[in-house]
Amino acid sequence: MNLFRKKPIQLLMKESGAKGASLRKELGAFDLTMLGIGAIIGTGIFVLTGVAAAEHAGPALVLSFILSGLACVFAALCYAEFASTVPVSGSAYTYSYATFGELFAWILGWDLILEYGIASSAVAVGWSGYFQGLLAGFGIELPKALTSAYDPEKGTFIDLPAILIILFITFLLNLGAKKSARFNAVIVVIKVAVVLLFLAVGVWYVKPENWTPFMPYGFSGVATGAATVFFAYIGFDAVSTAAEEVRNPQRDMPIGIIVSLLVCTLLYIAVSLVLTGIVPYEQLNVKNPVAFALNYIHQDWVAGFISLGAIAGITTVLLVMMYGQTRLFYAISRDGLLPKVFARISPTRQVPYVNTWLTGAAVAVFAGIIPLNKLAELTNIGTLFAFITVSIGVLVLRKTQPDLKRAFRVPFVPVIPILAVLFCGYLVLQLPAMTWIGFVSWLLIGLVIYFIYGRKHSELNEMARTEEKAG
């Protein structure tokens, strides 16, 4: 039964405040909200909208965004309760350790490594593509060998821009959470301004006849579209990994998580309405639907700003994803389930510096050398799995520890957590079989690592041994 030993919340809180091993508390509600928007608004709004409209939902794309948004809002409320109750690094991994026990926590932690790590590599590759497109606009072209992942048939060997942006983000993260948050806030302002510019220009060219037929592929198309555009919402959960570095987590964590998600949902709904109102949905199956729509109405000067906004958007997604990955590694290694080197803290900046550079190096290798098309698809199922687990966890913790102090409480329990499980469960069932096979394979690899290393080196295991000897 020691596979399901739980880590008491009091112990989690004590460890997070330990002298010489704690992270600097310097973030507020505004920083968290900007981190959330930075993580959510990226390639999703600039890329996925067109494919989802053309192939799945048509003008009913707006319903797809609402459906995905509802799933995320329900899950976000559950995250907010946990983040304000257990303000410790590790997000869903830490919550599971306190609620379901060690084995389940490890499985979820391993799942989140997939979400943050592989997503970071894939996002860096996307950033490289946009950046090279921007350079091409100025007549600058990189040597073919340095433009993409290893593929001798195409003459490419390494994606140099992807590696360089990852190293820059890694350097930035090592400067401390506050400096990273400031950089993120500046870039977020730029990309939100670009989205608002698109709406302000595009709304005058909307033709209501383009919204008919509204649901050409039926509701099943809307549901598939929702599963597709769910990628656009991935990231708000990364805000919860910052809990240990927040000055007043009980108040600020719920604000950061919920406000960032609501702002992004409203922007997504507005963009999908304007986009399908400007261009007939059948023509939106392109890589850059927002820029394409502006070219369609001969507003080429705005399309240039959209490309800049896309680069800014992807940069902040990469920043927050890599930040989440480093804090996740920090939490797991502090518990002994991964080598302790990942939990080593810089005495001056109070950041997990060894972990950050190791994470940066690993993400750079994946992004620079290995094509990640299929692996990137796994981030979706991994995130939905985490959302479902956290939502169930709220119900379990309400039952097992009803007197626990909760700064934020999910309203209408058990209705909201159950709705989160049902919505996320419905979306996860829309994903293809190959994604499921890849996900299960990843979890099996994780179980092997746990039984070979994690179980023996677990801090709870060490404490149990010490108590046995003392007894």
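Data block above holds the structure.
Since the model is a prediction, treat every value here as computed from it, not as a measurement. Starting from 1, residues in each chain are numbered consecutively following that chain's sequence as written. Since the coordinates come from a predicted model, pLDDT governs what is reported: local features require at least 70, and pairs of side-chain atoms require 80 or more to be given and counted, while whole-chain, interface and lining totals use all residues. The basis for every side-chain value is the complete set of non-hydrogen atoms in the structure, without hydrogens or water.

Visitor: Help me understand the overall build of the protein chain, please; the structure alone is not making it clear to me.
Guide: Think of it this way: any DSSP run of H or I at least four residues long counts as a helix, any run of E at least two long counts as a strand, and we number them from the N terminus. Helices and strands together make up the secondary structure of the protein chain, namely 17 helices and zero strands. Seen through its C-alpha atoms, the protein chain measures out along the principal axes to roughly 80 × 50 × 40 Å. The buried label goes to any residue with under 20% of its type's maximum accessible area, the exposed label to any with over 50%, and the partly exposed label to all in between, with areas taken from a 1.4 Å probe on protein chains only. Split into buried and exposed, the 471 residues of the protein chain put 58% on the buried side. Contact definition: two residues touch when any of their heavy atoms are within 4.5 Å. The contacts of the protein chain with a sequence gap of at least 6 include a subset with a gap of at least 24, amounting to 83%. Summed over its atoms, the accessible surface of the protein chain is roughly 18,700 Å², and 70% of this surface lies on carbon and sulfur atoms. The Shrake-Rupley method, run with a 1.4 Å probe, gives the accessible areas here. Residue values count only the displayed protein chains as cover.

Visitor: It is not clear to me how the pattern of salt bridges should be interpreted in this structure. Could you clarify?
Guide: Oppositely charged side chains can pair when the atoms bearing their charge come close. Here a salt bridge means any side-chain nitrogen of Lys or Arg lying within 4 Å of a carboxyl oxygen belonging to Asp or Glu. This structure, assessed with the given rule, holds nine salt bridges. Between glutamate 81 and arginine 398 there is a salt bridge, with the nearest N and O atoms lying 2.8 Å from each other. Highlighted residues: glutamate 81 in helix H4 (residues 61-85) and arginine 398 in helix H14 (residues 373-400), separated in sequence by 317 residues. When salt bridges with common partners are traced through the structure, they connect Glu81, Arg398 and Arg406 into a single cluster.

Visitor: Quick question: what am I supposed to make of a positive patch on the surface here?
Guide: Only residues whose relative accessible area exceeds 30% and that form no salt bridge enter a patch; like-charged residues are grouped when within 9 Å of one another, and nonpolar side chains (Val, Leu, Ile, Met, Phe, Trp, Tyr) when within 5 Å. In this tally, Lys and Arg are treated as positive and Asp and Glu as negative; His is ignored, and so are the chain termini. One atom stands in for each charge, and that atom is NZ of Lys, CZ of Arg, CG of Asp or CD of Glu. On the surface, Arg24, Lys179, Arg182 and Arg349 cluster together into a patch of positive charge. Looking at where arginine 182 falls in the secondary structure, it is placed in helix H8 (residues 177-202). Given the relative accessible area of 51%, arginine 182 is considered exposed.

Visitor: Would you take a moment to explain the side chain of glutamate 244 for this structure?
Guide: Mapped onto the secondary structure, glutamate 244 falls in the loop between helix H9 (218-229) and helix H10 (249-278). Owing to a relative accessible area of 0%, glutamate 244 belongs among the buried residues under this scheme. Here arginine 334 takes part through its side chain, which lies 3.0 Å from a polar atom of the side chain of glutamate 244. Polar contact is defined as a pair of N or O atoms within 3.5 Å, subject to the rule that within protein one atom must be able to donate a hydrogen and the other to accept it, and that residues adjacent in sequence are counted only when both atoms are side-chain atoms.

Everything listed here is a matter of coordinates, which is why it stays silent on function.
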